[in-house]
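Listed below are the residues making up each chain.
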Amino acid sequence: MRIKMWGVRGSIPTPGPGTVEFGGNTSCYEVRAGDVLIILDGGTGLRLLGQDLLKQMPFEAWMFFSHVHWDHIQGFPFFTPAFVRGNKIHLHGGINVSRTLEETLAGQMDYPSFPVHLTEMGASMTFRDLYEGEVLTIGERNDVTITNARGNHPNGVYAYRIDHAGKSVTYITDSEHYAIVDPKLKKLAAGTDVLIFDATYTPEEYAGEVGGGPKTGWGHATFAAGCELAKAAGVKQLVLHHHDPSQTDAMVRDKERRARELFPNTMAAREGHVIEL
Ligand SMILES: [Zn+2]
Ligand SMILES: [Zn+2]
(Lines give C-alpha, C1' and ligand atoms only; values in the text may rest on other atoms or scores of the structure.)
(Ligands and ions follow the chains in the order given, each with its own letter.)
Protein backbone atom coordinates (compact mmCIF):
# COMPACT_ATOMS: atom_id res chain seq x y z
CA MET A 1 0.00 0.00 0.00
CA ARG A 2 1.18 3.50 -0.84
CA ILE A 3 -0.24 6.74 0.53
CA LYS A 4 0.51 10.11 -1.05
CA MET A 5 -0.47 13.41 0.57
CA TRP A 6 -1.83 15.97 -1.93
CA GLY A 7 -3.71 18.27 0.43
CA VAL A 8 -3.25 18.49 4.19
CA ARG A 9 -4.64 21.92 5.14
CA GLY A 10 -7.97 22.50 6.84
CA SER A 11 -10.85 24.80 5.98
CA ILE A 12 -9.37 27.03 3.23
CA PRO A 13 -6.32 26.92 0.95
CA THR A 14 -3.41 28.82 2.48
CA PRO A 15 -0.74 29.62 -0.10
CA GLY A 16 2.14 31.91 0.84
CA PRO A 17 5.67 31.96 2.18
CA GLY A 18 4.56 30.81 5.65
CA THR A 19 3.14 27.47 4.48
CA VAL A 20 5.53 26.22 1.78
CA GLU A 21 6.95 23.43 3.93
CA PHE A 22 3.71 21.65 4.87
CA GLY A 23 1.59 23.01 2.03
CA GLY A 24 -1.58 25.03 1.65
CA ASN A 25 -3.91 22.77 -0.35
CA THR A 26 -7.00 21.33 1.31
CA SER A 27 -7.75 17.65 1.96
CA CYS A 28 -6.79 15.05 -0.63
CA TYR A 29 -4.94 11.72 -0.28
CA GLU A 30 -4.09 9.17 -2.94
CA VAL A 31 -3.98 5.57 -1.75
CA ARG A 32 -2.72 2.73 -3.95
CA ALA A 33 -3.89 -0.59 -2.58
CA GLY A 34 -2.20 -3.05 -4.90
CA ASP A 35 -3.25 -1.73 -8.31
CA VAL A 36 -6.45 -0.12 -7.00
CA LEU A 37 -6.50 3.68 -7.01
CA ILE A 38 -8.39 5.25 -4.13
CA ILE A 39 -8.80 8.98 -3.57
CA LEU A 40 -9.80 10.32 -0.18
CA ASP A 41 -11.55 13.70 -0.43
CA GLY A 42 -11.55 16.26 -3.22
CA GLY A 43 -10.08 19.40 -1.68
CA THR A 44 -7.78 21.62 -3.72
CA GLY A 45 -5.02 19.01 -3.51
CA LEU A 46 -7.11 16.98 -5.98
CA ARG A 47 -6.13 19.39 -8.77
CA LEU A 48 -2.46 18.42 -8.37
CA LEU A 49 -3.28 14.73 -8.20
CA GLY A 50 -5.26 15.22 -11.42
CA GLN A 51 -2.21 16.66 -13.15
CA ASP A 52 -0.23 13.60 -12.10
CA LEU A 53 -2.94 11.18 -13.26
CA LEU A 54 -2.99 12.70 -16.76
CA LYS A 55 0.11 10.56 -17.39
CA GLN A 56 -1.75 7.38 -16.39
CA MET A 57 -4.95 7.59 -18.41
CA PRO A 58 -7.27 5.89 -18.91
CA PHE A 59 -7.73 4.91 -15.26
CA GLU A 60 -10.38 3.71 -12.86
CA ALA A 61 -10.55 5.40 -9.46
CA TRP A 62 -12.61 4.99 -6.31
CA MET A 63 -13.24 8.27 -4.52
CA PHE A 64 -14.47 8.58 -0.95
CA PHE A 65 -15.64 11.93 0.38
CA SER A 66 -15.63 12.39 4.16
CA HIS A 67 -18.30 15.08 3.77
CA VAL A 68 -19.11 17.92 1.44
CA HIS A 69 -17.84 21.05 3.19
CA TRP A 70 -16.03 23.31 0.70
CA ASP A 71 -12.53 22.32 1.68
CA HIS A 72 -13.26 18.66 0.81
CA ILE A 73 -14.96 19.13 -2.58
CA GLN A 74 -13.54 22.33 -4.05
CA GLY A 75 -10.87 20.60 -6.12
CA PHE A 76 -13.36 18.46 -8.01
CA PRO A 77 -14.30 21.00 -10.74
CA PHE A 78 -10.55 21.31 -11.41
CA PHE A 79 -9.86 17.57 -11.51
CA THR A 80 -8.83 17.49 -15.17
CA PRO A 81 -9.08 13.69 -15.73
CA ALA A 82 -12.78 13.89 -14.85
CA PHE A 83 -13.26 15.79 -18.11
CA VAL A 84 -11.57 13.08 -20.16
CA ARG A 85 -13.64 10.33 -21.78
CA GLY A 86 -12.36 6.84 -20.97
CA ASN A 87 -11.64 7.44 -17.30
CA LYS A 88 -13.96 5.78 -14.79
CA ILE A 89 -14.60 7.32 -11.40
CA HIS A 90 -16.72 5.73 -8.66
CA LEU A 91 -17.69 8.43 -6.18
CA HIS A 92 -18.81 7.65 -2.65
CA GLY A 93 -20.10 9.84 0.13
CA GLY A 94 -21.80 9.21 3.42
CA ILE A 95 -25.49 9.77 3.97
CA ASN A 96 -25.43 12.92 6.08
CA VAL A 97 -27.84 15.52 4.84
CA SER A 98 -30.87 15.77 2.58
CA ARG A 99 -28.77 16.18 -0.58
CA THR A 100 -26.85 13.34 -2.20
CA LEU A 101 -23.15 13.56 -3.02
CA GLU A 102 -24.04 13.85 -6.72
CA GLU A 103 -26.44 16.74 -6.08
CA THR A 104 -23.86 18.53 -3.95
CA LEU A 105 -20.97 18.12 -6.41
CA ALA A 106 -23.26 19.22 -9.24
CA GLY A 107 -24.51 22.11 -7.09
CA GLN A 108 -21.06 23.62 -6.69
CA MET A 109 -20.77 23.67 -10.50
CA ASP A 110 -24.23 25.16 -11.14
CA TYR A 111 -24.65 28.33 -13.17
CA PRO A 112 -23.60 31.09 -12.31
CA SER A 113 -20.97 29.80 -9.86
CA PHE A 114 -19.07 27.73 -12.41
CA PRO A 115 -19.05 27.73 -16.23
CA VAL A 116 -19.16 23.96 -16.86
CA HIS A 117 -21.75 21.63 -15.40
CA LEU A 118 -20.98 18.24 -13.85
CA THR A 119 -22.95 16.49 -16.59
CA GLU A 120 -20.54 17.92 -19.18
CA MET A 121 -17.54 16.18 -17.62
CA GLY A 122 -16.44 13.43 -19.96
CA ALA A 123 -15.36 10.66 -17.58
CA SER A 124 -17.82 7.95 -16.69
CA MET A 125 -18.99 8.53 -13.11
CA THR A 126 -21.06 6.49 -10.72
CA PHE A 127 -22.30 7.81 -7.39
CA ARG A 128 -23.08 5.96 -4.20
CA ASP A 129 -24.01 7.29 -0.78
CA LEU A 130 -22.95 4.90 1.95
CA TYR A 131 -24.73 3.94 5.13
CA GLU A 132 -22.84 4.00 8.38
CA GLY A 133 -21.16 0.66 8.95
CA GLU A 134 -21.53 -0.46 5.31
CA VAL A 135 -18.60 -2.61 4.18
CA LEU A 136 -17.44 -2.38 0.57
CA THR A 137 -15.03 -4.55 -1.33
CA ILE A 138 -13.58 -2.94 -4.42
CA GLY A 139 -11.08 -3.56 -7.18
CA GLU A 140 -11.00 -6.09 -9.99
CA ARG A 141 -10.09 -8.85 -7.55
CA ASN A 142 -12.28 -7.54 -4.73
CA ASP A 143 -9.21 -7.49 -2.50
CA VAL A 144 -9.62 -4.04 -1.01
CA THR A 145 -12.06 -3.50 1.85
CA ILE A 146 -13.48 -0.13 2.84
CA THR A 147 -15.22 0.30 6.17
CA ASN A 148 -16.59 3.48 7.66
CA ALA A 149 -17.84 5.11 10.84
CA ARG A 150 -19.41 8.45 11.56
CA GLY A 151 -17.29 11.15 13.14
CA ASN A 152 -18.36 14.21 15.09
CA HIS A 153 -18.86 17.24 12.85
CA PRO A 154 -21.59 19.78 11.98
CA ASN A 155 -23.66 18.37 9.02
CA GLY A 156 -22.04 14.95 9.58
CA VAL A 157 -18.81 13.31 8.48
CA TYR A 158 -17.63 9.80 7.60
CA ALA A 159 -14.29 8.28 8.51
CA TYR A 160 -12.90 5.52 6.28
CA ARG A 161 -10.59 2.59 6.73
CA ILE A 162 -8.92 0.85 3.79
CA ASP A 163 -7.59 -2.70 4.24
CA HIS A 164 -5.54 -4.55 1.66
CA ALA A 165 -3.16 -7.53 1.93
CA GLY A 166 -2.71 -7.19 5.69
CA LYS A 167 -2.04 -3.42 5.57
CA SER A 168 -4.40 -0.60 6.43
CA VAL A 169 -4.86 3.14 6.55
CA THR A 170 -7.61 4.94 8.48
CA TYR A 171 -8.69 8.46 7.55
CA ILE A 172 -10.51 10.45 10.22
CA THR A 173 -10.83 14.10 9.28
CA ASP A 174 -13.10 16.83 10.60
CA SER A 175 -14.06 15.07 13.80
CA GLU A 176 -14.20 16.70 17.19
CA HIS A 177 -12.89 14.85 20.21
CA TYR A 178 -14.87 14.90 23.39
CA ALA A 179 -14.03 13.94 26.96
CA ILE A 180 -13.48 10.29 26.10
CA VAL A 181 -12.01 8.56 23.07
CA ASP A 182 -14.89 7.94 20.64
CA PRO A 183 -15.53 4.16 20.80
CA LYS A 184 -16.68 3.99 17.17
CA LEU A 185 -13.54 5.68 15.88
CA LYS A 186 -11.37 3.57 18.19
CA LYS A 187 -12.96 0.45 16.71
CA LEU A 188 -12.51 1.71 13.14
CA ALA A 189 -8.82 2.51 13.71
CA ALA A 190 -8.00 -0.58 15.82
CA GLY A 191 -4.51 -1.84 14.98
CA THR A 192 -4.27 0.23 11.79
CA ASP A 193 -0.84 0.89 10.25
CA VAL A 194 -1.47 4.57 9.57
CA LEU A 195 -4.05 6.81 11.20
CA ILE A 196 -4.57 10.14 9.45
CA PHE A 197 -6.37 12.28 12.00
CA ASP A 198 -7.91 15.75 12.27
CA ALA A 199 -5.31 17.59 14.35
CA THR A 200 -6.52 21.06 13.45
CA TYR A 201 -5.75 22.66 16.79
CA THR A 202 -3.31 22.74 19.63
CA PRO A 203 -5.05 22.23 23.01
CA GLU A 204 -4.49 25.97 23.70
CA GLU A 205 -6.17 27.01 20.43
CA TYR A 206 -9.07 24.64 21.10
CA ALA A 207 -9.57 26.05 24.59
CA GLY A 208 -9.41 29.63 23.28
CA GLU A 209 -6.32 30.58 25.28
CA VAL A 210 -4.74 31.70 21.99
CA GLY A 211 -6.05 32.46 18.50
CA GLY A 212 -9.47 33.87 19.44
CA GLY A 213 -12.30 32.22 21.31
CA PRO A 214 -12.82 28.57 22.22
CA LYS A 215 -13.39 26.16 19.33
CA THR A 216 -15.72 23.73 21.08
CA GLY A 217 -18.53 22.62 18.79
CA TRP A 218 -16.64 23.60 15.63
CA GLY A 219 -16.13 19.96 14.75
CA HIS A 220 -12.34 19.66 14.91
CA ALA A 221 -9.84 18.02 17.23
CA THR A 222 -6.40 18.62 18.72
CA PHE A 223 -3.14 16.79 18.12
CA ALA A 224 -3.34 15.59 21.74
CA ALA A 225 -6.71 13.96 21.04
CA GLY A 226 -5.14 12.26 18.02
CA CYS A 227 -2.38 10.85 20.20
CA GLU A 228 -4.93 9.55 22.70
CA LEU A 229 -6.93 7.83 19.98
CA ALA A 230 -3.74 6.40 18.43
CA LYS A 231 -2.72 4.90 21.78
CA ALA A 232 -6.18 3.58 22.60
CA ALA A 233 -6.58 1.98 19.16
CA GLY A 234 -3.08 0.48 19.02
CA VAL A 235 -2.18 2.42 15.87
CA LYS A 236 1.34 2.08 14.43
CA GLN A 237 1.78 5.56 12.93
CA LEU A 238 -0.13 8.79 13.43
CA VAL A 239 -0.39 11.50 10.77
CA LEU A 240 -1.56 14.92 11.94
CA HIS A 241 -3.89 16.28 9.26
CA HIS A 242 -6.11 19.33 8.52
CA HIS A 243 -3.71 21.99 9.81
CA ASP A 244 -5.54 25.15 10.82
CA PRO A 245 -5.16 27.90 8.18
CA SER A 246 -3.67 30.20 10.84
CA GLN A 247 -0.77 27.81 11.48
CA THR A 248 2.55 28.65 9.85
CA ASP A 249 5.17 26.01 9.09
CA ALA A 250 6.89 26.79 12.39
CA MET A 251 3.63 26.26 14.27
CA VAL A 252 2.94 22.95 12.51
CA ARG A 253 6.50 21.83 13.27
CA ASP A 254 5.93 22.66 16.92
CA LYS A 255 2.64 20.74 16.89
CA GLU A 256 4.51 17.75 15.46
CA ARG A 257 7.25 18.00 18.11
CA ARG A 258 4.73 18.18 20.95
CA ALA A 259 2.69 15.30 19.55
CA ARG A 260 5.80 13.10 19.38
CA GLU A 261 6.19 13.50 23.15
CA LEU A 262 2.77 11.87 23.52
CA PHE A 263 2.95 9.36 20.66
CA PRO A 264 6.47 8.98 19.24
CA ASN A 265 5.62 7.63 15.78
CA THR A 266 3.83 10.78 14.68
CA MET A 267 4.33 13.06 11.71
CA ALA A 268 2.57 16.21 10.60
CA ALA A 269 1.05 15.64 7.16
CA ARG A 270 2.96 17.47 4.44
CA GLU A 271 2.06 17.93 0.82
CA GLY A 272 3.89 15.55 -1.49
CA HIS A 273 4.98 13.13 1.24
CA VAL A 274 4.61 9.42 0.53
CA ILE A 275 4.20 6.58 3.03
CA GLU A 276 4.96 3.08 1.74
CA LEU A 277 3.55 0.13 3.69
ZN1 LIG B 1 -12.39 20.29 6.61
ZN1 LIG C 1 -15.89 20.08 7.61
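Above this text you will find the structure in question.
Residues numbered from 1 in each chain as written. Chains lettered and ligands numbered in written order. Predicted model: local features only at pLDDT ≥ 70, side-chain atom pairs only at ≥ 80, totals over all residues. Heavy atoms only, no water.

1. Comments concerning the environment of Thr-202
Relative to the helices and strands, Thr-202 is located in the loop between β11 (194-198) and α5 (203-207). Take Thr-202: its relative accessible area is 12%, and that puts it in the buried class. The spacing of Thr-202 and Ile-95 is 107 residues in sequence and 30 Å in space, taken between C-alpha atoms. With near-sequence residues (within four places) excluded, Thr-202 lies in contact with Thr-222, Phe-223, Gln-247 and Arg-258. (Helix = DSSP H or I, 4+ residues; strand = E, 2+ residues; numbered from the N terminus. Buried < 20%, exposed > 50% of the residue type's maximum accessible area, 1.4 Å probe, protein only. Contact = heavy atoms within 4.5 Å.)

2. Thoughts on the sheet that holds strand β5 (residues 88-94)
Paired through their backbone hydrogen bonds, the strands of a sheet run either parallel or antiparallel. Ordered by their spatial adjacency, 7 strands build an open sheet running β6-β5-β4-β3-β2-β1-β14, and the pairing between neighbours is mixed. Of all strands in the sheet, those bounded by a partner on one side alone are β6 (124-130) and β14 (274-276). The average angle at which neighbouring strand axes cross in this sheet is 20 degrees, direction not considered. Note that strand β1 (residues 2-7) and β14 share 3 bridges and pair antiparallel. When the sheet's bridge partners are listed, Lys-4 is paired in β14 with Val-274. (Pairing = 2+ DSSP bridges. Axes fitted to C-alpha atoms, helices over the stretch in contact; angles between N-to-C directions.)

3. Description of the side chain of Thr-170
Looking at the element boundaries, Thr-170 is found in strand β10 (residues 167-172). What Thr-170 contacts, discounting residues up to four positions off in sequence, is Tyr-160, Arg-161, Leu-188, Ala-189, Thr-192, Val-194, Leu-195 and Ile-196.

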